[in-house]
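Below are the chains, spelled out letter by letter.
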Amino acid sequence: MSAGAGAVIGAVVAGAAARARAEPTTHKREAVLRVYRGDKDGGKEVEYRVPVEPGMVVLDAIHWIQAHQAPDLAVRWNCKAAKCGSCSAEVNGKPALMCKSRMDHMPAGEPISVRPMKTFPIVRDLVTDVSWNYAVNKRIPPFKPREGAEWKWQQSDIERVQEFRKCIECFLCQDVCHVLRAHELKTQFAGPRFFVRIAGLEMHPIDGEDRTGFLKDHGGIGLCNITKCCTEVCPENITITDNAIIPLKERVVDRFYDPMLGVLRKLFGRRA
Amino acid sequence: MSDKYEVHEHDVLVIGAGGAGLRAAIEASAAGVSVGLVCKSLLGKAHTVMAEGGIAAALAHVDPQDGWQTHFKDTMKGGSFLNHWRMAQIHAQEAPDRVRELEQWGALFDRTPDGRILQRAFGGHTWKRLAHVGDRTGLEMIRTLQDRGVHQGLEVYMECTITRLLVDGGRIAGAVGYWRESGRFVVFRAKAVVIATGGVGKAYKVTSNSWEYTGDGQALAYEAGAELIDMEFVQFHPTGMVWPPGVMGLLVTEGVRGEGGILRNSAGERFMWKYLPEARRHEYAENEQEAREWLDASVANRQTQARRPPELSTRDNVSRAIYTEVKEGRGTPHGGAFLDISYLPAERVMKKLPSMYHQFLELADVDITKQPMEVGPTTHYIMGGLRVDPDTAAATVPGLYAAGEAAAGLHGANRLGGNSLSDLVVFGRRAGAAAAAYAKSAAAPRASDAEIEAEARAMLEPFERASGENPFTVHQALEDCMDRLVGIYRVERDLTHALEELEKLKARAANVKVEGTRMFNPGWHLARDLANLLTVSEAITRSALLRKESRGAHSRLDHTAMDPALGNVNFRAKKSMTGMNVEPTPLPTMPAELKALFDAAPAPQPAGKAS
């Protein structure tokens, strides 16, 4: 087959591949992935052996399995660059984006377990039903600019909100949060993702809506006992607990639970 | 008959929930009609989310000399004058309002020192014009539109793939598709359909696009009788990652160059000066010192006499430059060029390009505040698509509309960075408004049950075959064919060869075998997407074969010059009884008052040089 005179990209790629091959191949190895296969009626981990390329991530391995061994392996993905938050799963038991989980950061020689997020109902294999999140989002009182406000503000006024707006809706924080994961309080608790969204709205320089009532009565923010698991798993490094949840808790407390004693009880009470 | 399928009825059905689809749905819904919004992924995951650098609009916040006329001229020049002048005019005039509207809906753009929306420099734009949020502008935009739409009461059908547009007596009557989760078929009855399905990147191996970009809208509309134009113009973004293999093609924002990124070859030479087109050389800095002056002024937010660095040439030009450097043996270890921003203070790099910092650190072990990146061209965008009316975004089939990447005309032969996000909201809004107005006046069409039945049967065939190829294998062969034979540089022999290959691939795709069940089965999904990819690949190749010249993103090794006669035509692909028919159609003539903008003005002013 001709290389093609116009195969510019192909030529660039071929050059890259040749050079990659010429590189030391000590890290070229085979990995074993144990991927959960199943649906709501049950399932099990199935073992796949995958050749490891330099810089490979778990999502690459899943794609290799799809292309070569299991074309029906269900997985969500889009950007492959940690910008869309689609490929959330539990890699070796830890909630993570598969596109950011480097194979060479996994313990060498040990199988890598890849399972769907536990907090949401399984659809099939690595795909879960995350529709509950969209239903919660819909209930949050939307952005409402103050009348007559001037649309001018300083960069320093919005840095905090811009941090919240980095959220890529991977729902890993929702997956790891014990209020949702262990206690299954989805009807009473909005979860870290939506506290981040609400914080972004509440701290918007022009917003005039008041969401403290929603946070208390529908969001269940009091149920969060600030263990910071959400902050730890956030692939965007949003300091969810400190910058979003705690200030929102303070707003709720200031509004509904003055005096000071009530504040302390609510923040550090029985659950602490 | 169709009672056996789930049926939804809407006045307007929008297919695709990126920026264009969301903006169209919001507008149609605001007009008081019932709107359904269908997307292949979850809401908020469309490729708009990957747009990094910014949204182009002549707000003139940073460079007060800017105005719609200059934006219009830059867009036309960037597109080698093959753009539809009226779309370029509407776009330049309306983009500022659409940006302000996003802000009023809650988007938080970076600010100027006096508290207004900040704008950055980008390739081909005379002035600093791109409103942005660090390097995650697309995320800000899609989240803003998503929340606006959700609270407005749009009916969103997530993870649903449309496989056929329904037609009744030549007008659009809805669409049929399947739920990705269950594999069950679903029928949408609608008076108007807006195509906002994005691009075709998955026809190529090295691409910045995700699995979704399989040319669905273009192919479905083509099957329904709509015209596609300018399909030969595929944008190869100059800076994709080239290493590691798993992320090859992943986008490196043009914002890196906008913020001062310098391109060098393996010999350390800053090569872009060699590749500036003579006609536009005067727009760029003459030497390193002037380029540095421009950058320092940009960082300090002050006006300057210095002209912009050569790295800010248009994308088609920078892609060819990098390719040529690599091909002539001056490439980096992984076959690209070095893109260096590490000479700037680390704090500024991390503030202005945070996603790029993390992307390289986590995926390539490269700290961009200390080391150069390695980058090379990647298939990014298609300028071609559905032919639409500039004012209404109406396609050539009654009831069908298109906006965003799926539509053609605005960008001509090459798109300027930043003009895509503005395209989405300017023409998304117009498409939504026009579709709603049409739906209000149109009687309800009725698609035939036989058509729906036939589609359902065809969809199930890959399960029923006793044997056949894995769809992933056929897809890889297609990507390989398009990369090799219909890439940045094209030549008649390769294009003819590609057409033969595509015929063979069509036969292979028609005989793939799918394993497993209909529940969330990626192999089955790909089996259907392949047909769309093959349609758009054929349109790209046939149009490229006919355009015997080099213009914008289309470079022919056997016709290296621009042919003025071909500057007056768009190639149009349309389905005929005998297959795909591609032929030239006349380019609309620009009115005298707009032409005068080019004649009257002196040579384009470099940044900061106007009075």
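Counting starts from 1 at the beginning of each chain's written sequence and moves along it residue by residue. Chain A is the first chain written and ligand 1 is the first ligand written, with later ones labelled in order. It should be noted that, the model being predicted, local features are given only for residues of pLDDT at least 70 and side-chain atom pairs only at 80 or more, the latter also being counted only at that level, while totals for whole chains, interfaces and linings use all residues.

**Focus on the overall build of chain B**
Strands are runs of DSSP state E lasting at least two residues, helices are runs of H or I lasting at least four, and both sets are numbered from the N terminus onward. Assigned secondary structure in chain B consists of 17 helices and 20 strands. What you see for chain B is a C-alpha radius of gyration of 23 Å, in line with the 25 Å of a compact globule of 611 residues. C-alpha extents for chain B along the principal axes are approximately 75 × 50 × 50 Å. Of all 611 residues assigned to chain B, the portion counted as buried reaches 64%. By the criterion used throughout, residues are in contact when their C-beta atoms, derived from the backbone, lie within 7 Å. A separation threshold of at least 6 residues defines the contact pool for chain B, and within that pool the share at least 24 residues apart is 75%. Computation of the radius of gyration draws on C-alpha atoms alone. For the globule rule, the value is 2.2 Å times the number of residues to the power 0.38. Here a residue counts as buried when 20 or more other C-beta atoms fall within 10 Å of its C-beta, as exposed when 12 or fewer do, and as partly exposed in between; the C-beta atoms come from the backbone.

**Regarding the domain arrangement of chain A**
All names here are of chain A. Marked domain ranges trace back to an automatic or database domain assignment. When cut into domains, chain A gives domain 1 (27–128) and domain 2 (131–268). Computed from C-alpha coordinates alone, the two centres of domain 1 and domain 2 are separated by 30 Å. Facing eleven residues of domain 1, the contacting portion of domain 2 comprises twelve residues. Counted by class, the side of domain 1 that touches domain 2 contains five nonpolar, three polar and three charged residues. Each residue gets one of three labels, nonpolar for Ala, Val, Leu, Ile, Met, Phe, Trp, Tyr, Cys and Pro, charged for Asp, Glu, Lys and Arg, and polar for the others, Gly among them.

**Let's talk about the domain arrangement of chain B**
All names here are of chain B. Domain annotation of chain B identifies domain 1 (2–233 + 383–450), domain 2 (240–378) and domain 3 (457–568). A C-alpha centroid distance of 24 Å is found between domain 1 and domain 3. Taken together, the contact between domain 1 and domain 3 spans 31 residues of the former and 28 residues of the latter. Elements with a contribution of two residues or more to the side of domain 1 that touches domain 3: β7 (160–168) and α5 (216–223). It is α5 that provides the largest number of residues to the side of domain 1 that touches domain 3, a total of four residues. Counted by class, the side of domain 1 that touches domain 3 contains 14 nonpolar, eleven polar and six charged residues.

**A few points about the interface of chain B and chain A**
In this complex, chain B contributes 75 residues to the contact, which on the side of chain A involves 61 residues. The biggest single contributor to the side of chain B that touches chain A is helix α4 (residues 137–152) of chain B, with six residues. Broken down by class, the residue content of the side of chain B that touches chain A amounts to 35 nonpolar, 22 polar and 18 charged.

**Things to note about the environment of B:Met50**
As for its position among the elements, B:Met50 is in the loop between β2 (35–38) and β3 (55–56). Distance in space between the C-alpha atoms of B:Met50 and B:Pro245 is 19 Å, their sequence separation being 195 residues.

**Thoughts on the packing of helix α14 (residues 471–485) of chain B against helix α16 (residues 522–546) of chain B**
Residue and element names in this part refer to chain B. Contact pair α14 / α16: the axes reach a minimum separation of 9 Å and the direction vectors enclose 25 degrees. Regarding the angle of α14 to α16, the classification is roughly parallel. Here α14 runs over α16; the crossing is left-handed. Between α14 and α16, the residues in contact are Pro471, Phe472, Val474, His475, Leu478 and Met482 and Gly523, Leu526, Ala527, Leu530, Leu533, Leu534 and Ser537, respectively. For the contact of α14 with α16, the class distribution of residues is ten nonpolar, three polar and no charged. To obtain an axis, a line is fitted to C-alpha atoms, over the contacting stretch when the element is a helix, and the angle between two such axes runs from 0 to 180 degrees between their N-to-C directions. Oblique is the label for any angle not under 35 degrees, not over 145, and not in the 65 to 115 range, which are roughly parallel, roughly antiparallel and roughly perpendicular in turn. For a crossing to be left-handed, the near helix must be turned anticlockwise from the far one by less than a right angle; the clockwise case is right-handed.

**Here's the deal with the sheet that holds strand β4 (residues 119–120) of chain B**
Residue and element names in this part refer to chain B. A strand pair is defined by DSSP finding two or more bridges across the two strands. The antiparallel open sheet is built from three strands, whose spatial order is β3-β5-β4. The sheet is open, and its two edges are formed by β3 and β4, each paired on a single side. Note that β4 and strand β5 (residues 130–131) share two bridges and pair antiparallel. Across the sheet, Gln119 pairs through a bridge with Ala131, a residue of β5.

**A short note on the packing of α5(B) against α16(B)**
Residue and element names in this part refer to chain B. α16 packs onto α5 with a crossing angle of 80 degrees between their chain directions and a minimal axis gap of 8 Å. What the angle tells us is that α5 and α16 run roughly perpendicular. Counting all contacts with α5, which are made through Asp216, Gln218, Ala219 and Tyr222, the residues of α16 involved are Asn532, Thr535 and Val536. Residue classes in the contact of α5 with α16 are distributed as three nonpolar, three polar and one charged.

**Looking at the pairing of strand β11 (residues 234–241) of chain B**
Residues and elements named next belong to chain B. Of all the eight residues making up β11, eight are buried; the element is thus mostly covered by neighbouring parts of the structure. Two elements, β11 and strand β14 (residues 373–382), share six bridges in a ladder whose sense is antiparallel. What sits directly across from His237, in β14, is Thr378.

**So, the nonpolar core**
All names here are of chain B. Note on definitions: a nonpolar core is a set of buried residues drawn from Ala, Val, Leu, Ile, Met, Phe, Trp, Tyr and Cys, linked by C-beta atoms within 7 Å. Residues Val12, Val194, Tyr401, Ala402 and Ala435 are the most contacted members of the largest nonpolar core, which totals 260 residues. Sequence-distant contacts of Val12, that is, excluding residues within four places in its chain, are made with Ala28, Val33, Val35, Ala190, Ala192, Val194, Ala435, Ala436 and Ala439. Membership of the second largest hydrophobic core comes to six residues, among which are Tyr284, Ala285, Trp294 and Leu295.

**Focus on helix α12 (residues 419–441) of chain B**
Helices are assigned an expected span. That span is 1.5 Å times one less than the residue count. The first and last C-alpha atoms of α12(B) sit 33 Å apart over 23 residues, in line with the 33 Å expected at 1.5 Å per residue. The element α12(B) is largely enclosed, with a buried count of 19 among its 23 residues.

**Some points on the sheet that holds strand β13 (residues 337–340) of chain B**
Residue and element names in this part refer to chain B. Strands sit in the order β11-β14-β13-β12 across an open sheet of four strands; the sheet is antiparallel. Looking at the sheet topology across the chains shown, the edges are occupied by β11 and β12 (262–264). Averaged over all adjacent pairs, the angle separating strand axes in this sheet is 45 degrees, with direction ignored. Where β12 and β13 come together, three bridges link them in antiparallel fashion. Its bridge partner lying in β13, Leu263 is registered against Leu339. Taken strand by strand, helix α9 (residues 315–330) contacts β11, β13 and β14, and its axis lies near 55 degrees from that of β11.

**What about the confidence of the model for chain B?**
All names here are of chain B. Confidence in the prediction for chain B averages 95 pLDDT; 98% of positions are at 70 or higher. Note that pLDDT drops below 50 for residues 603–611; the model gives that stretch 23 contacts with residues more than four away or on any other chain. Scored by ipTM, the complex comes to 0.93, with pTM at 0.93. pLDDT is a per-residue confidence score from the predictor, ranging from 0 to 100.

**Brief notes about the pairing of β14(B)**
All names here are of chain B. In terms of burial, β14 is largely enclosed, as ten of its ten residues are buried. Alignment of β13 against β14, held across three bridges, turns out to be antiparallel. Its bridge partner being in β14, Leu339 is matched across the sheet by Met373.

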